[in-house]
Amino acid sequence: MKKIAIIYHCFVHYRLPVLQALSEQLSDEYEVTFMSDVTSPHSRVAPLNFKALKNWKRLQNLWLGRWLWQRGLVGDVLKNNYEVLILLGQFNFISTWVVAILARMRGQRVLFWSHGIYGNESKLKLFLRESFYRLSDGMLLYGNYSRGLMIQHGFDPERLYVIYNSLNYEQQRSLRDSTHIDEINSEIKCLYGALSTLPLSVFIGRLTEVKKLDMLLFSLKKLMEKGIESNCLFVGDGPERMRLEGIVSELGIGRNVKFYGECHDEAIISRLLAKANVCVSPGNVGLTAMHVMAYGTPVITHDDFKWQMPEFEAIEHRVTGSFFRSGSLESLTEEMAYWLCLPPELSQKACNDCVRVVEEYFNPDRQVAIVRQACAGAGATEAGPLRVIKDRT
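Here is a short report on the structure shown in this document. Sequence order as written defines the numbering, with residues in each chain counted from 1. With pLDDT at 70 or above as the cut-off, local features in this predicted model cover only qualifying residues; side-chain atom pairs require 80 or more to be listed or tallied, and sums for whole chains, interfaces and linings still use all residues. To get the side-chain values, take all heavy atoms of the structure and skip hydrogens and water.

Aromatic pairs are defined between Phe, Tyr and Trp rings, using the six-membered ring for Trp, whenever the two ring centres lie within 6.5 Å; interplanar angles under 30 degrees are classed as stacked, those over 60 as edge-to-face, and all others as tilted. For the structure shown, the criterion picks out 18 aromatic pairs. An angle of 75 degrees between the planes, with centres 5.8 Å apart, marks the rings of tyrosine 145 and phenylalanine 312 as edge-to-face. With tyrosine 145 in helix α5 (residues 144-152) and phenylalanine 312 in the loop between β14 (299-302) and β15 (321-324), this pair connects stretches of sequence that are 167 residues apart. Of the two residues, tyrosine 145 and phenylalanine 312, both sit in the buried class. Ring centres of tyrosine 164 and tyrosine 361 lie 5.7 Å apart, and the angle between their planes is 65 degrees; this geometry places the pair in the edge-to-face category. Of the two residues, tyrosine 164 sits in the loop between β9 (160-162) and α6 (169-178) while tyrosine 361 sits in the loop between α13 (344-360) and α14 (364-376), which places them 197 residues apart along the sequence. Here the term buried applies to any residue with accessible area under 20% of the maximum for its type, exposed to any over 50%, and partly exposed to those in between, with areas from a 1.4 Å probe on protein chains only. When its relative accessible area of 0% is taken as the criterion, tyrosine 164 is described as buried. Linked through ring pairs, Tyr8, Phe11, Phe34 and Trp113 together constitute an aromatic cluster. Criterion for a charge above a ring: Arg CZ or Lys NZ at most 6 Å from the ring centre, at most 35 degrees from the ring normal. The lysine or arginine in question, arginine 15, covers the ring of tryptophan 113, its NZ or CZ lying 5.9 Å from the ring centre. Going along the chain from the N terminus, every DSSP run of H or I of four or more residues is numbered as a helix, and every run of E of two or more is numbered as a strand.

So, in structure tokens, the structure goes:
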């Protein structure tokens, strides 16, 4: 049986569903081995419980600032006859440069799993990224936006596979299909009491400066001044919480804004997100988009794509969410008003469209299919809602 090695500096907890899917669904053709260290000092996300992962080998990460050498990787690759190596595509991982060159010399297929080109790089960083990416036989990219940029820089389209991203969609689908409306309403009523029937905007994730969450609060206040009263819920914690609470107090909107804090119980999260009319992430949007859309909740974020995370591609303007003009409070307020005042029948259609996008593109099963295609060397094709990118740039 042919062998595949998937190599990261560390695997974070939300990767488990796709890693398990790769191990199980590729087992008819490949034996899959995972290699990494246990943790990384550069990751705030909880690491994976490696007892839940089959065929995992531990490497030792040796960091010099942001530069990494993975002790044990070169020796393992030389000792084992892997058909395909899938490596995290970080040019600051020195051992990855060495392994990629050795593997290509030995006739092994090399794939980099990566964000690709962002479009905001300095000339030096762009040169390093391009040079590094050309060591691979193919790229597993998180989105079509980066694929388009790489094609512009001369990369072969047939070697650029769009794999997107995923969370535990099987669990999310089960919760979405089994949760009763009374449970959802009860959860919100506990938070807002008599105001629980008002439209609801939500943000889920770490409360950090880069998310520009103060814009959400200022827009909420502007809407109230226009006679559109609604509630807002923050699910998560972080360094911006105290400042945001201060803004809430200054604006006098305390009865409408609640800070739920961190929550890792997906059953509770599912009820909170399912009730929301819209998720608002004024800064960049990443996994948050996939998380909320799995429960049918549209997403608003900014339209400066070179500063976005790849998951913005799940959004089709005023279909599965909205793009507001980056930095414009007026534009954000306008988009929030659209979703908070949407008639029930159109809101239900948006809910269905959100779920459809996740089921078609942002789930482990689809990722496995793309990895199988890339490992076999089949030519890559365009994938996903390219219209969004073309219309908004």
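Structure shown, so let's carry the discussion forward.
The next subject is the layout of surface pockets. Within this scheme a cavity is a closed region of a 1 Å grid, computed over the protein atoms alone, that accommodates a 1.4 Å probe without allowing it to escape, whereas a pocket is open but has protein on both sides within 12 Å along at least five of seven lines; lining residues each have an atom within 4 Å of a point. Grid points are joined across faces, edges and corners, and a volume is the space filled by probe spheres set on the points. Estimated volume of the second largest pocket: approximately 590 Å³. Taken together, 21 residues form the lining of the second largest pocket, with Ile181, Ala274, Lys275, Gln348 and Cys351 sitting closest to its centre. Going through the elements one at a time, α6, α7 (181-192), α10 (266-275) and α13 are the ones with two or more residues in the lining of the second largest pocket. The greatest single-element share of the lining of the second largest pocket, amounting to four residues, is contributed by α13. Here the lining of the second largest pocket is built from residues that sort into 11 nonpolar, eight polar and two charged. Here the term charged refers only to Asp, Glu, Lys and Arg, the term nonpolar to Ala, Val, Leu, Ile, Met, Phe, Trp, Tyr, Cys and Pro, and the term polar to all other amino acids, Gly among them.

Space left empty within the atom packing is revealed by a probe, the size of a water molecule, rolled over the atoms. The tally for this structure, following the rule as stated, stands at one cavity of 30 Å³ or more. In this structure, the largest cavity spans a volume of roughly 120 Å³. Around the largest cavity, the lining comprises 13 residues; the ones closest to its centre are His115, Tyr145, Ser146, Gln308 and Pro310. Considering only residue class, the lining of the largest cavity consists of eight nonpolar, four polar and one charged.

Extensive coverage of strand β6 (residues 84-88) is indicated by the burial of five of its five residues. A two-sided burial pattern is seen for β6, the buried positions comprising Val84, Ile86 and Leu88 on one face and Leu85 and Leu87 on the other. Here four bridges tie strand β1 (residues 2-7) to β6, and the two strands are oriented parallel to one another. Of the residues in β6, the one forming a bridge with isoleucine 6 is isoleucine 86. As judged from the five bridges shared by β6 and strand β7 (residues 109-114), these two strands associate in the parallel manner. Each bridged residue has a counterpart across the sheet, and for isoleucine 86 the counterpart in β7 is leucine 111. In this view, the connection linking β6 to its parallel neighbour β7 by way of helix α3 (residues 94-105) has right-handed handedness. By this definition, two strands are paired if DSSP reports at least two bridges between them. Seen with its strands pointing away from the viewer, a crossover is right-handed if its path from the first strand over the helix to the second goes clockwise.

Time to look at the sheet that holds β7. Reading across the sheet, the seven strands line up as β3-β2-β1-β6-β7-β8-β9 and stay open at both edges, with parallel pairing between neighbours. Whereas interior strands pair on both sides, the edge strands pair on one side only; in this sheet they are β3 (56-58) and β9. Sheet twist, expressed as the mean angle between neighbouring strand axes with direction ignored, is 20 degrees. Bridge analysis of β7 against strand β8 (residues 138-141) gives four bridges, and the strand direction is parallel. By the bridge assignment, tryptophan 113 is partnered in β8 with leucine 140. In this analysis, axes come from line fits to C-alpha atoms, helices being fitted only over the stretch in contact, and the angle between any two N-to-C directions falls in the range 0 to 180 degrees.

For the rest of this paragraph, the subject is the environment of glutamine 25. Position of glutamine 25 relative to the elements: it lies in helix α1 (residues 16-25). Each C-alpha atom, one on glutamine 25 and one on arginine 271, is 31 Å from the other, the two residues being 246 residues apart in sequence.

A few words now on the side chain of threonine 96. Looking at the element boundaries, threonine 96 is found in helix α3. A relative accessible area of 1% means that threonine 96 is categorised as buried. If sequence neighbours within four positions are ignored, threonine 96 has contacts with Gln70, Leu87, Leu88, Phe112 and Phe132. Any two residues whose heavy atoms approach within 4.5 Å at even a single point are treated as in contact.

Here α7 crosses α10 at 85 degrees, and the two axes come no closer than 9 Å. Taken together, the axes of α7 and α10 are roughly perpendicular relative to one another. For the pair α7 and α10, contact is made by Glu183, Ile184, Asn185, Glu187, Ile188 and Leu191 and by Ile268, Arg271, Leu272, Ala274 and Lys275, respectively. A class-by-class count of the residues in the contact of α7 with α10 yields six nonpolar, one polar and four charged. When an angle is under 35 degrees it counts as roughly parallel; over 145 it counts as roughly antiparallel; between 65 and 115 it counts as roughly perpendicular; any other value is oblique.

This part covers the sheet that holds strand β12 (residues 257-261). One open sheet accounts for six strands, arranged β12-β11-β10-β13-β14-β15; its pairing is parallel. Bordering the open sheet on either side are β12 and β15, each of which pairs with just one other strand. Across this sheet, the average inter-strand angle for adjacent strands is 25 degrees, counted without regard to direction. Both strand β10 (residues 200-204) and strand β11 (residues 231-235) contribute to a ladder of five bridges, which runs parallel. Residue pairing in the sheet places serine 201 in a bridge with cysteine 232 of β11. α10 rests against β10, β11 and β12 of the sheet, and its axis sits at about 140 degrees to β10.

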